[in-house]
Amino acid sequence: MKLIFEKSIPGRDGFSLPSDLFEEIEIDKDIPEDFLDKNKKNLVEVSEVDVIRHFTKLSKLNYGVDDGLYPLGSCTMKYNPRINEKMASLGQFTHAHPLASIKMIQGSLEVMYQLNLLLCEITGMDQYTMAPASGAHGELTGNLIMRQYFVDHGEKRTKMLIPDSAHGTNPASAAMAGFEVIEIKSTSNGTVDLDALQNAMDEHTVGLMLTNPNTVGLYDGGIESIERIIHQKGGLLYYDGANLNASLGIMRPGDVGFDVVHLNLHKTFSTPHGGGGPGAGVIGVKERLIPYLPTPIIDYNANEKYFYLKDNGEKSIGMVRSFWGNFAVLVKTYAWILSLGPEYLYQASKTSIINANYVLKKLKKYYKPAYDQYCGHECTLTGREYKKYNIKTLHIAKRLMDYGIHPPTIYFPHFEPYAEETIMIEPPESESKENLDEFINVMIQISQEAESNPEILLSAPHNTPIGKTDDVLAVTKPILTYDDELRSIEQEK
Ligand SMILES: *Cc1c(COP(=O)(O)O)cnc(C)c1O
């Protein structure tokens, strides 16, 4: 497919203005020199038809959850029901302005108020803030809340414990909040090493950020001991609930002792993501941390029967985002929770766990599991058996694209020797057994190809618009514009 720059014809444009209404200007004469860019730009000159066709073609090269299985571990790429979109696009929501008088936006405020109650019920927490715009933003908010709590209690705590299996955003968020990050090793079972945790936890430590089931898809059965170790030393327990897909109706983080929880509404709660946003990384806390939540907090005046946003007082960490957060994401979440109800939320989690264990069971003969035990909503396999044919997990992933399937997460987690060449598969509840069987069969076929015809894997993908790329070059010298392309052709000569 041609770049749009290659379709450019000098002088062609997508509009024409009535010449009797607009004076023609001479750029060089009529615009002061200071305002002119000295570097000549390679701007595209194309017609409206060219633009529409170009971007329509581009959009067809895309792959999304509406095209097929998207088994990206740790991402919960599930189907987003259209009813969510329909609700979020109701005019009363899209036209609501956060600065309108609260009488005019009671419905929008009520959605946030009710969503808070539902999320509290689902997770066992006491109050949520809807402000954070992503999981990482929620983590930072949660860390700032914990920091404020200890400042308020006159305690100097500067360290944050984070298991080595944690999502990369955890240490980044803790560091941004000013904490020193201490890594806690996992055992060969993939769960937190309790001795290491006990040794690291002290009166100068804020607490632990934990994901459970963790980021390799395993439920950490040591949670009761973990809770005791952290709380005995006065610490706080943070739950990275970005992915809650194995927990709905099964385990409430608030019940097992977590003090702060973040949820990615754009994962478990079926609101779209993957293209960089918008998301919502709402933060829930236990009673004693409510005063530190960001401002504003949604509340209800029972006497006069109205919803309103209130300032959260002087202990609050302040605002973390303008206005209401990503409000449309909240509406979609609310629609999803109500359309499923308690029984089917539970079924969603149960199905996602069964799906992951089904894939694990069917594929473990071909791709040795990193941890051979039942998993949560995702399973971690490896491609290490194929190293003897010079095949790496990367090649397996690329070959999947030839079969029209989005590759799973690869090379995460990465602990030698048991978790190397990893393939992390998350088949959410919206996938049928037939879809999973198709994926499983393709994976088995690829494993046979690795043995009988490794060349076809090494040179994959073959059926995609762009074939095998040089991964290093793609990062260090990306070709994003026609100018970049010309430059690279020049360099090749
Ligand atoms: C996705 C994810 C995050 C980060 O969420 P973003 O919305 O991408 O910032 C954090 N932790 C875990 C476990 C995740 O899966």
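For clarity, every value in this text was computed on a predicted model and none was experimentally measured. (Residues numbered from 1 in each chain as written. Predicted model: local features only at pLDDT ≥ 70, side-chain atom pairs only at ≥ 80, totals over all residues. Heavy atoms only, no water.)

A. Region of the structure containing the pairing of strand β4 (residues 205-210). In terms of residue burial, β4 counts as a mostly covered element, since six of its six residues are buried. Taken together, the four bridges between β4 and strand β5 (residues 236-241) define a ladder with parallel strand orientation. The residue of β5 that forms the bridge with Met-209 is Tyr-238. Note that the unit made of β4, helix α9 (residues 223-232) and β5 has a crossover that is right-handed. (Buried < 20%, exposed > 50% of the residue type's maximum accessible area, 1.4 Å probe, protein only. Helix = DSSP H or I, 4+ residues; strand = E, 2+ residues; numbered from the N terminus. Pairing = 2+ DSSP bridges. Right-handed = clockwise from strand over helix to strand, strands pointing away.)

B. How the structure looks around the sheet that holds strand β7 (residues 283-285). Pairing is mixed in the open sheet, where seven strands are placed in the order β1-β7-β6-β5-β4-β2-β3. Taken across any chain shown, the strands that pair with only one partner, and hence form the sheet edges, are β1 (127-129) and β3 (180-184). When strand polarity is set aside, the average angle formed by the axes of neighbouring strands in this sheet is 25°. Examined bridge by bridge, β1 and β7 share three bridges and lie antiparallel to one another. Across the sheet, Gln-127 pairs through a bridge with Val-285, a residue of β7. Contacts from helix α6 (residues 135-152) reach β2 (159-163), β4, β5, β6 (260-263) and β7 within the one sheet, and its direction differs from that of β5 by about 170°. Helix α7 (residues 169-176) contacts β2, β3, β4 and β5 of the sheet and is inclined by roughly 175° relative to β2. (Axes fitted to C-alpha atoms, helices over the stretch in contact; angles between N-to-C directions. Contact = heavy atoms within 4.5 Å.)

C. Inspection of the nonpolar core at higher detail. Among the nonpolar cores identified, the biggest contains 50 residues, and Leu-119 and Phe-269 are the most heavily contacted of them. Mapped onto this core, the elements with two or more residues apiece are α5 (106-123), α8 (194-200), β4, α9, β5, β6 and α10 (327-363). Discounting residues that sit within four places of it in the chain, Leu-119 has contacts with Gly-124, Tyr-128, Met-130, Leu-263, Leu-265, Phe-269, Val-282 and Ile-337. Core analysis: the next-biggest nonpolar cluster, separate from the first, contains 25 residues, Leu-69, Tyr-367, Ile-444 and Leu-457 among them. (Core = buried A, V, L, I, M, F, W, Y, C linked by side-chain atoms within 4.5 Å.)

D. Fine view of the pattern of salt bridges. Throughout the structure, instances matching the rule amount to 17 salt bridges. A salt bridge links Lys-29 to Glu-26, with the nearest nitrogen and oxygen atoms 3.7 Å apart. Take Lys-29: its relative accessible area is 63%, and that puts it in the exposed class. As a salt-bridge pair, Lys-433 and Asp-437 come within 3.0 Å of each other at their nearest N and O atoms. Taken together, the residues span about one helical turn, with Lys-433 and Asp-437 both in helix α12 (residues 433-452) at a distance of four residues. By relative accessible area, which is 21% here, Asp-437 ends up partly exposed. Put simply, Arg-399, Asp-402 and Glu-449 are held in one network by salt bridges that share partners. (Salt bridge = Lys/Arg side-chain N within 4 Å of Asp/Glu carboxyl O.)

E. Highlighting the sheet that holds strand β12 (residues 422-425). Taken in spatial order, the three strands line up as β10-β12-β11 in an open sheet, and their pairing is antiparallel. If you trace the sheet from one side to the other, it starts and ends with β10 (379-382) and β11 (409-410), each paired once. As judged from the four bridges shared by β10 and β12, these two strands associate in the antiparallel manner. The partner of Cys-379 across the bridge, within β12, is Ile-425.

F. Structural view of the packing of α6 against α7. Running from amino to carboxyl end, α6 crosses α7 at an angle of 45°, the nearest separation of the two axes being 8 Å. On the basis of their axis angle, the class for α6 and α7 is oblique. Here α6 runs over α7; the crossing is right-handed. Judged by residue contacts, Ala-136, Glu-139, Leu-140 and Asn-143 of α6 engage Thr-169, Asn-170, Ser-173, Ala-174 and Met-176 from α7. When the residues that make up the contact of α6 with α7 are grouped by side-chain class, the tally is four nonpolar, four polar and one charged. (Parallel < 35°, antiparallel > 145°, perpendicular 65-115°, else oblique. Left-handed = near helix turned anticlockwise from the far one by under 90°. Nonpolar A, V, L, I, M, F, W, Y, C, P; charged D, E, K, R; others polar.)

G. Broad picture of the packing of α10 against α12. Taken N-terminus to C-terminus, the directions of α10 and α12 make an angle of 30°; their axes are 10 Å apart at the nearest point. Between α10 and α12, the angle is such that the two are roughly parallel. The element α10 and its partner α12 pack so that their crossing is right-handed. The segment α10 lies against α12, with Asn-355, Tyr-358, Val-359, Lys-362 and Leu-363 engaging Lys-433, Leu-436, Asp-437, Phe-439, Ile-440, Met-443 and Ile-444. Across the contact of α10 with α12, the residue classes tally to eight nonpolar, one polar and three charged.

H. View of helix α11 (residues 393-402). Most of α11 sits out of view: eight of its 10 residues are buried. Residues Thr-393, His-395, Ile-396, Ala-397, Lys-398, Arg-399, Leu-400 and Asp-402 constitute the buried set of α11. On its buried face, α11 is in contact with β11, β12, α12, α13 (454-458) and α14 (471-476). Backbone geometry just downstream of α11 places Gly-404 in the positive-phi region, at approximately 75°.

I. Structural context of the state of the cysteines. Considering all chains together, one arrives at zero disulfides under this definition. Cysteine Cys-75 shares no disulfide, and the gap to the nearest cysteine sulfur, in Cys-379, comes to 14 Å. Accessibility expressed as a relative area gives 22% for Cys-75, which makes it partly exposed. Cys-375 forms no disulfide, and the closest cysteine sulfur to it belongs to Cys-379, at a distance of 5.0 Å. (Disulfide = S-S within 2.5 Å.)

J. Just the packing of aromatic side chains, in detail. Evaluated as defined, the whole model comprises 13 aromatic pairs. With a centroid separation of 5.8 Å and 85° between ring planes, the pair formed by Tyr-149 and Tyr-292 is classed as edge-to-face. With Tyr-149 in helix α6 and Tyr-292 in the loop between β7 and β8 (297-301), this pair connects stretches of sequence that are 143 residues apart. In this pair, the class of Tyr-149 matches that of Tyr-292, namely buried. Here the aromatic rings of Trp-324 and Phe-327 are separated by 5.1 Å at their centres, their planes lie at 70°, and the arrangement is edge-to-face. (Phe/Tyr/Trp six-rings, centres within 6.5 Å; stacked < 30°, edge-to-face > 60°.)

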